[in-house]
Amino acid sequence: MTAAARRIAVVGAGMAAARLAQQVLAQAPPGTLELTLYGHEPHAPYNRALLAGVLDGRYPPEALTLPTGGATVRTGTEVTGVDTTAHTLRTASGETLPYDTLVLATGANPVLPPIRNLHTAPLGPAPAPHGRAAAPLGRRPSPPPSPWAAGPPPRGGTGGQGGGPSRSRPTGTPPAQPPTPADAHEGPAHPRTAAPHADLKQGVHPFRTLSDCTRLAEATATLRAKLPTTPRAIVIGGGILGVSATRALTALGIPTELIHQAPQLMERHLDEQAGTTVRRALESMGAAVYTDNRARALLGDEAVTGVELANGHALTCDLVVLACGVRPRTGLAGAAGIEVRRGIVIDDTLATSAPDVYAIGDCTEHRGEIHGVTGPAWAQADTLAARLSGKDPNATYTGAHSTARLTAGALEIAAFGEVTDAAGDALRLADGTRGAYGSYKKLVMRGDRLVGAILVGDLAAIGELTRTYERGEPLPPRPLDLLAPLPEGAAL
Amino acid sequence: MNQTAVPFVDTHCPYCSLQCGMRLRGLPSGAALPVEVVERPDFPVNRGALCGKGHSAAAVLAPGTRLTTPLVRDAKGGPLREATWDEALDRAAAALAGTGERYGRDAVGVFGGGALTNEKAYLLGKFARVALRTANIDYNGRFCMSSAAAAHRNAFGLDRGLPFPLADVARTGCVILVGSNLADTMPPAVRYIREMQENGGSLVVVDPRRTRTADLADLHLAPAPGTDLALALGLLHLVIADGHVDAAFVASRTSGWEAARAAAMAHWPERVEAITGVPVAGLRRAVELFTAAGSGMILTARGPEQQSKGVDTVGAWINLCLATGRAGRPLSGYGCLTGQGNGQGGREHGQKADQLPGYRSISDPAARAHVAEVWGVDAGDLPGPGVSAYELLDSLGTEGGVRTLLLMGSNPVVSAPNARQVTSRIEALDTLIVCDVVLSETAALADVVLPSAQWAEETGTMTNLEGRVILRRAAVAPAGQARTDLHILHDLASRLGHEKGFPADPEEAFTELRAASAGGQADYSGIDYARIAAEDGVFWPCPAGEDDAPHPGTPRLFLDRFATPDGRARFADVSHRPAGEEPDAEYPLYLTTGRVLAQYQSGAQTRRTPELNRAAPGAFVELHPRLAERLGVVEGEALALTSRRGRATAPARITTGIRPDTVFMPFHWPGESRANSLTNDALDPQSRMPEFKVCAVRVERAVRVERAAPSGTDSTPGAGSALPEATR
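For every chain, the first residue of its written sequence is number 1, and the numbers climb from 1 along that sequence. Working convention: letters from A go to chains and numbers from 1 go to ligands, in the order in which they are written. Given that this is a predicted model, residues contribute local features only at a pLDDT of at least 70 and side-chain atom pairs are listed and counted only at 80 or more, while totals for whole chains, interfaces and linings are drawn from all residues.

(A) Spotlight on the overall build of chain A. Within chain A, the secondary structure is distributed over eight helices and 25 strands. Counting other C-beta atoms within 10 Å of each residue's C-beta, where C-beta atoms are placed from the backbone, gives the exposure class: buried for 20 or more, exposed for 12 or fewer, partly exposed between. Sorting the 492 residues of chain A into buried and exposed places 53% on the buried side. By the convention adopted here, residues are in contact when the distance between their C-beta atoms, placed from the backbone, does not exceed 7 Å. Long-range pairs, those at least 24 residues apart, make up 68% of the contacts in chain A between residues at least 6 apart in sequence. Counting from the N terminus, the helices are the DSSP runs of H or I reaching at least four residues and the strands are the DSSP runs of E reaching at least two.

If you want it as structure tokens, here you go:
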């Protein structure tokens, strides 16, 4: 009884897909599985968590490559449709490929903020939902007939973390720009464009993919060479990504201003005092931070020349970086008739509503939760790998704690759980002398349990706090003891 | 029997892999002991220094402490009684032969030890392959450094504990010491660490506990047990990110870099922090210290090695050396701090299931042909590879498993993982034959006990952690009727029809070993007793040279090329994975096990040394004050630890020097306080090393319970227990 190798197709070649491939192939008996990743980006899977390090020159782009355990990786391959009955998928180049098991790891799209003049062409009215069976996955590139909707509009607010209300760009916009050289390496003969931000005004950069990152780095270098003065940048969005981008640009010597709609930075993860600590750190690195400010419009005709704020002020700049959060990419799943709410709905076995179709990572919604960070995505990948490889066919994913964690140069930030004072009793320790930018620590407790914590500037206690939180251990009688590095002398 | 051959005899310590030089002075008849230990300042490794174990080594020679008469058991469950050598040997030989005839040759097993001399290890392997013709021989070195040995061979094509003399440590720029508590386990080595620090070098210690060794460190990183693989990958990530890769070295002297780099990129600092609990700042500092100096060493011990991913973990640390060009160069490199006295030599000469003398593979036709010729047998008659130590022990007394076992120089009832299971397997044997110096907990279960001569009573070579072959010399005659192990093997072989080929004389055995090792990786053919004496030991490989140009030996390996076919060191393509057993709701804490200063391994010798027993009278459980507070436990209170495999009790020792999610227990004691009743028998897929260093336990205040139907040593009292009775 020799069964043919089971064909596992993974749509997406991001972090969750790479982790799944590496784990499945490390665990499965040799020769029992054929695993193929279909990625629309031109790159092999890479570590998205390190993109700010590419921007500031710490990592060469090729250094970010992730292991995939010897899986077949088809880069630049857009999957445009799935037939869950026939067990086939279709690619932009017209191939129809059979699968036995399908894994959707389509990731997330950056959210574009509602700012006037963001694009080179004026926006048309939103058409009715597209009638085609398949929505493309490509942020870039994708074939022209395809709409590039990121999926149904989010329910209950944005999926993003820093930018306030946002909207899905209407579908059906015709291609507005020729392909960039990076896009033109292969693929269909028709012009390739129409990715969600392909028609952004010149000088406006999302910050999600490796290509975004290298284009931004190239743009700064080009502007430096062209302009008589140092180019100026504005970052829109003050979540983790915006703070990280601001730090990286500042490290490159680019005068950078950060515009954030909420009253404080990283308000989804931090309390006011921590937000202020982060703000002061960015300011002492040389950045300007405007919280409680909304960008209303971009200035400039061809290329961006500035940003107009809702309060009427105008800031001049040569570059704009959009860091307004992400939203699950669910178009392909939705078009295939798979249940989608905010994300592709999965159960504890990572199964979607369609037979033999699973989903992992940023595109998913599990027990009502969507995540945009690596920890839960990899936990899902590990669980699915255990199931698909046969190592533990009964493995389940019941949710994962996620810690917001940012290293921005010498500034270290970690936060998890509920961090507002309303959530429970709070203990705070602030030390302006510690580390490069001072430190701030907060424990939030309910009864004898830790329900949340913030560490800024001094993370010696991070291991102790996350374990106490994740395992639900009772707090010690003197909760501040948790902040002592342990064992003594172990940390710094 | 106080016979002193000469007033002074230069020899080496009976304990750890440093094999410190020491001098024995004969004492007059009537003294409590036949010899006393004095300094031997001219030996280079320890320059006269000895720890308490070495100083008190002569105590095990005391009359009444050790075995002096063969013992046999007439019926299962009956007592051991004294017997003559002829009776005991006849009984042993009959069982070995009878089991083989009745159940097949592989139903006879041999279990050796890393404390045996090279000559014994060599002849024990030959005895198994030639006299018994069984594939089933392995030894307790599996429990010692087998993961490092496999990683060494994967990376460098050769396995020698240290690729340089220990004294080089004093002149390197940075040492990362991973899972080694050498300040307790090999104290005389500390001087080289201190000298290194005095010379401006820095010490980084990686250990879940703030040990005495960690106290010496410039930086101590305390990852959760079982996460040092992730830690090493995270450090490699930072080496790449911060531009510390020695690209020229990687290009010219290594292979496999791309895959190793990709694996490291999947272990970025913040993720490693989440896995290990070590803050990113600590990772950064470690990389700064390691890369700031022009040279550096990474030394591992049992911490990273005794895991079900031990080979991968050691490989990840080796990767760090290779990426930074800190290997194959003077004052740099990766090394393993071997544990047992002859952990090195013991694995080179054929008591390992898959190896023949000279570190040859038993599966290699050329190696088989060479060794068969030296042994005067047909290569086709040599058995193939057998199973590893734990698998061998786990097969005892089972259908198709080993039914008669010859055990020499090991005490698995105390030292094996999942020791309750191992003990019950041993009890299921048809016949257990034990050669030992003392009536160990395992010997106490034997059907035939053959009293061996020990360290000061016999001559033979050992190979220390540096790959330095040294000579232990007899100072006194064996006590009572004790015979050397070589003598015992000779006697057994004769009874099995092999009058020749098992010399009782150690130098004759060594001469044959040299020939068997010639041309192998661990080539001893140019080494003889006279050279060892004249040169303070000789480093292998040392092939036979010409008479007028003897090979000088090889103190430093890999300076020109690595021992791989293409001369390049190989990066390991490894990723972090969890331990075989992680804490959960039922067993919420990590248990890690290890050693204390005043005891050694299963304690068979040191628990019989009054001075050491006073210093370390029994087991204990180290736990953090916050954990103690949560459990409502005070210092000294009896704790019960429970794992999926067993239970152990010992008093609490509360210290801030341990992570609050981890408890520590030393493994030297039998009975109720036997740590190995708890440990996990999950094995590394390549080295077959059990996971001594991490398992999940529950900790409670001990409630005194009457144990139903205690069996074997489980019924032995715990801390400070009485020694097993010779007759019961």
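(B) Inspection of the overall build of chain B at higher detail. Scanning chain B from terminus to terminus reveals 24 helices and 30 strands. In this treatment the radius of gyration is a C-alpha quantity, and the globule benchmark scales as 2.2 Å times the residue count to the 0.38 power. Taking 2.2 N^0.38 as the reference for a compact globule, 728 residues should give roughly 27 Å; the C-alpha atoms of chain B span a radius of gyration of 24 Å, in line with that estimate. In terms of overall dimensions, chain B has C-alpha extents of about 70 × 70 × 55 Å along its principal axes. Taken across its 728 residues, chain B has 65% of its residues classed as buried. Across chain B, contacts joining residues at least 24 apart in sequence account for 74% of those joining residues at least 6 apart.

(C) Structural context of the packing of helix H3 (residues 118-132) of chain B against helix H21 (residues 506-517) of chain B. Residue and element names in this part refer to chain B. Only the stretch in contact is used when a helix axis is fitted, and all axes are lines through C-alpha atoms; the angle between N-to-C directions ranges over 0 to 180 degrees. Direction vectors running N to C along H3 and H21 enclose 65°, while the axes themselves pass 9 Å from each other. Comparing the axis directions of H3 and H21 gives the class roughly perpendicular. When the axes of H3 and H21 are compared, the crossing they make is left-handed. For the pair H3 and H21, contact is made by Asn118, Glu119, Tyr122 and Leu123 and by Pro506, Ala509, Phe510, Leu513 and Ala516, respectively. Gly is put with the polar residues, along with every residue not named as nonpolar or charged; the nonpolar set is Ala, Val, Leu, Ile, Met, Phe, Trp, Tyr, Cys and Pro, and the charged set is Asp, Glu, Lys and Arg. Of the residues contributing to the contact of H3 with H21, the split by class is seven nonpolar, one polar and one charged. Reported orientations rely on four angle classes, namely roughly parallel under 35 degrees, roughly antiparallel over 145, roughly perpendicular from 65 to 115, and oblique for the rest. It is the rotation of the near helix from the far one that decides the hand of a crossing: anticlockwise by less than a right angle makes it left-handed, clockwise makes it right-handed.

(D) View of the pairing of strand S16 (residues 404-408) of chain B. Residues and elements named next belong to chain B. In terms of burial, S16 is a largely internal element, five of the five residues being buried. Every second residue of S16 is oriented toward a common face, with Thr404, Leu406 and Met408 on one face and Leu405 and Leu407 on the other, all of them buried. Looking at chain direction, strand S6 (residues 108-112) and S16 are connected through four bridges and run parallel. Residue Val110 lies in a different strand from S16, and its bridge partner there is Leu406. The pairing of S16 with strand S17 (residues 431-436) spans five bridges and is parallel. Residue pairing across strands places Thr404 opposite Thr431, the latter belonging to S17. At least two DSSP bridges between two strands are required for those strands to pair.

(E) Examining the confidence of the model for chain A more closely. Residues and elements named next belong to chain A. Of the residues in chain A, 82% have a pLDDT of 70 or more, and the chain-wide mean is 84. A residue's pLDDT is the predictor's confidence in that residue, given on a scale from 0 to 100. Long-range and interchain partners of residues 123-194, a stretch whose pLDDT sits below 50, account for 180 contacts in this model, where long-range means more than four residues apart. Below a pLDDT of 50 lies the segment residues 486-492, which in the model reaches 28 contacts outside its immediate sequence neighbourhood of four places, other chains included.

(F) Quick peek at the interface of chain A and chain B. Taken together, the contacts link 35 residues of chain A with 34 residues of chain B. Counting residues per element, the ones that place at least two in the side of chain A that touches chain B are strand S21 (404-408) and helix H8 (462-470) of chain A. Tallying contributions element by element places H8 of chain A first for the side of chain A that touches chain B, with five residues. Residues belonging to the side of chain A that touches chain B are distributed by class as follows: 18 nonpolar, ten polar and seven charged.

(G) Spotlight on the UniProt feature "domain: FAD/NAD(P)-binding" (unreviewed entry) in chain A. UniProt positions are given in the numbering used here, feature names are shortened, and annotations may be inferred rather than shown by experiment. Mapped onto the present numbering, the UniProt feature "domain: FAD/NAD(P)-binding" (unreviewed entry) falls at residues 7-118 and 190-367 of chain A. Along residues 7-118 of chain A, the helical share is 16% and the strand share 29%, with 43 Å between the first and last C-alpha atoms.

(H) Highlighting the sheet that holds strand S3 (residues 72-74) of chain A. Residues and elements named next belong to chain A. Pairing is parallel in the open sheet, where five strands are placed in the order S3-S2-S1-S7-S19. The open sheet has two edge strands with one neighbour each: S3 and strand S19 (357-359). Across the sheet, the mean angle from the axis of one strand to that of its neighbour is 20°, orientation sign disregarded. Pairing of strand S2 (residues 33-38) with S3 involves three bridges; the strand directions are parallel. Its bridge partner lying in S3, Thr36 is registered against Thr72. Of the strands in this sheet, strand S1 (6-11), S2 and strand S7 (101-104) are in contact with helix H1 (residues 15-27), which crosses S2 at around 170°.

(I) Geometry of the environment of Pro474 of chain A. For Pro474 of chain A, the position within the fold is in the segment after H8. Look at Pro474 of chain A and you get partly exposed, because 13 C-beta atoms sit within 10 Å. Spatially, the C-alpha atoms of Pro474 of chain A and Gly447 of chain A are 9.0 Å apart, while their sequence positions differ by 27 residues. Ignoring sequence-local partners within four residues, the contact set of Pro474 of chain A consists of Asp448 and Arg449 of chain A together with Arg630 of chain B.

(J) Fine view of helix H11 (residues 269-276) of chain B. With respect to burial, H11 of chain B is a largely interior element, eight of its eight residues being buried. Every buried residue belonging to H11 of chain B is among Pro269, Glu270, Arg271, Val272, Glu273, Ala274, Ile275 and Thr276 of chain B, and all of these are buried. Of the surrounding secondary structure, the elements contacted by the buried residues of H11 of chain B are helix H7 (374-389), S21 and H8 of chain A together with helix H8 (228-241) and helix H12 (280-292) of chain B. Gly277 of chain B lies just past H11 of chain B and shows a positive phi near 80°.

(K) Expanded view of H1 of chain A. Residue and element names in this part refer to chain A. In a helix, the anticipated span is given by 1.5 Å times the number of residues less one. With 13 residues, H1 extends 18 Å between its outermost C-alpha atoms, agreeing within 8% with the 18 Å of an ideal straight helix rising 1.5 Å per residue. Counting buried positions over the 13 residues of H1 gives ten, a clear majority of the element. Among all positions in H1, only Met15, Ala16, Ala17, Ala18, Arg19, Leu20, Ala21, Gln22, Gln23 and Val24 are buried. Where H1 is buried, its residues touch S1, S2, S7 and H7.

(L) Main features of the nonpolar core. One nonpolar core equals one set of buried Ala, Val, Leu, Ile, Met, Phe, Trp, Tyr and Cys residues connected by C-beta atoms within 7 Å. Formed by 338 residues in total, the largest nonpolar core has its most connected members in Val10 and Leu20 of chain A together with Val204 of chain B. Per-element accounting of this core gives the leading share, ten residues, to H8 of chain B. Not counting the four nearest positions on each side in its chain, Val204 of chain B is found in contact with Cys174, Ile176, Leu177, Ala217, Asp218, Leu219, Leu221, Ala286, Leu289 and Phe290 of chain B. Core analysis: the second largest hydrophobic core is formed by 32 residues, Ala224, Tyr590, Leu641 and Ile658 of chain B among them.

(M) Quick look at the sheet that holds strand S20 (residues 468-472) of chain B. Across the sheet, three strands lie side by side as S19-S20-S21 (chain B); this open sheet has antiparallel pairing. Sheet topology places strand S19 (460-463) and strand S21 (538-539) of chain B at the edges, where each strand pairs with a single neighbour.

(N) Representation of unusual backbone geometry in the model. Residue and element names in this part refer to chain B. The linkage connecting Trp540 with the following residue, Pro541, adopts the cis geometry, with an omega of 0°. With respect to the helices and strands, the residue Pro541 is situated in the loop between S21 and strand S22 (569-570). For Gln19, which is not a glycine, the phi torsion comes out positive at approximately 50°. Positive phi values are uncommon outside glycine, yet Tyr359 reaches one of about 65°.

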